[in-house]
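An overview of the molecular structure
Residue-level listing of the chains:
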Amino acid sequence: MKGEHRIIVQNSSVKFDFKIRRNITILQGDSATGKTTLVEMIREHYERGSASGVEVLCDKTCVTLGGRDWKVLLGAYRDSIVFIDEGNSFVQSNDFSAAVSSSDNYYVIVTREGLPNLPYSVEEIYGIRMSGKYGALKPVYNELYRIYGKELSANVPVIPRTIIVEDSNSGYEFFRDLPEHNYEQVISARGKSNIHAVLKQTTDEEVLIIADGAAFGAEMGRVTALLGQREHTYLYLPESFGYACIMV
């Protein structure tokens, strides 16, 4: 399954209207923001149809997944959008990661924790907020908002003293061997999950972190929390390393 898909889920009291763009979408946020309500409405519609009082409008079948029999259930889903509520620990397993990579489904996963076993983009992490578009006697309209996105991109030149790169091969070698550079050192984190630890050990004030934005979603929470305690430390998250090289 490819491309953008719009999903409208509504009943007499609440309405969700949003689009998903990639095979993995993450929903985060505090309690009582509508995440579980959304998943339960999709489950009700799938099981009971119009008798549920829920209407789901989408060009793909929307289903839910949960419980210890998730493998059996997932094996029956094809070309669908699969919603998974928080509390399902299997989403952190290697078995689930392998199942996602080999399927043609899209996945919308509710979780407050990062999922390092899954490669999802920093731009596909969302929360749900009330839009206030309708009055008190109308359905409550909900929309998704991006938690991490293009607002992280710096619009001013950055001249770092230290560069931390995600990989230990071409990315590290490119910046290490770049002629006429003005930085003092290039550090390989040897994997996206190690960037947080490497950054904690780095005392330089001017630091640039370069990682694959299309797969860095699981690390964003703890890395941005650490960035909030430091000045002059920047994230550059291109969709591919090749693009990062071109920009240099």
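Residues numbered from 1 in each chain as written. Predicted model: local features only at pLDDT ≥ 70, side-chain atom pairs only at ≥ 80, totals over all residues. Heavy atoms only, no water.

Quick look at the packing of aromatic side chains
What the rule picks out here adds up to 5 aromatic pairs. Here the aromatic rings of Trp 70 and Phe 90 are separated by 4.8 Å at their centres, their planes lie at 10°, and the arrangement is stacked. Placement of Trp 70 in helix H2 (residues 70–75) and of Phe 90 in the loop between strand E6 (80–84) and helix H3 (94–101) is noted, with a sequence separation of 20 residues between them. With a centroid separation of 5.9 Å and an interplanar angle of 85°, the aromatic rings of Phe 96 and Tyr 107 are classed as edge-to-face. (Phe/Tyr/Trp six-rings, centres within 6.5 Å; stacked < 30°, edge-to-face > 60°. Helix = DSSP H or I, 4+ residues; strand = E, 2+ residues; numbered from the N terminus.)

Points about helix H6 (residues 220–227)
Restricting attention to buried positions, one finds in H6 the residues Met 220, Val 223, Leu 226 and Leu 227. For H6, the buried positions fall inside an angular range of 140° around the axis, keeping them on one side. On its buried face, H6 is in contact with helix H5 (195–201), strand E12 (207–210) and strand E13 (233–236). (Buried < 20%, exposed > 50% of the residue type's maximum accessible area, 1.4 Å probe, protein only. Arc of directions from axis to C-beta. Contact = heavy atoms within 4.5 Å.)

Section: the pattern of salt bridges
According to the stated counting rule, one finds 11 salt bridges in the structure shown. Here Lys 71 makes a salt bridge to Asp 95, at a shortest N to O gap of 2.9 Å. With a gap of 24 residues between them, Lys 71 in helix H2 and Asp 95 in helix H3 connect regions that are remote in the sequence. Residue classification places Asp 95 among the partly exposed positions, given a relative accessible area of 44%. Within this structure, Glu 4, Lys 19 and Arg 21 form a network of salt bridges that share partners. (Salt bridge = Lys/Arg side-chain N within 4 Å of Asp/Glu carboxyl O.)

A short note on the nonpolar core
The biggest cluster of nonpolar side chains holds 38 residues, and the ones touching the most others in it are Leu 65, Ile 84, Phe 96, Ile 109 and Phe 216. Among the elements that line this core, the one with the most residues is H6, at 4 residues. Ignoring any residue separated from it by four or fewer positions in sequence, one finds Ile 84 in contact with Leu 65, Phe 90, Val 91, Phe 96, Tyr 107, Val 108, Ile 109 and Val 110. Membership of the second largest hydrophobic core comes to 22 residues, among which are Val 14, Ile 20, Val 56 and Leu 144. (Core = buried A, V, L, I, M, F, W, Y, C linked by side-chain atoms within 4.5 Å.)

Regarding unusual backbone geometry
Even without being glycine, Asp 79 reaches a positive phi, approximately 50°. Residue position: Asp 79 is located in the loop between H2 and E6. A residue is classified by how much of its surface remains accessible, and Asp 79, at 30% relative accessible area, is partly exposed. For Arg 190, which is not glycine, the phi torsion reads 55° and is therefore positive. Among the structural elements, Arg 190 can be located in the loop between strand E11 (185–188) and H5. On the basis of relative accessible area, Arg 190 is assigned to the exposed category, the value being 62%.

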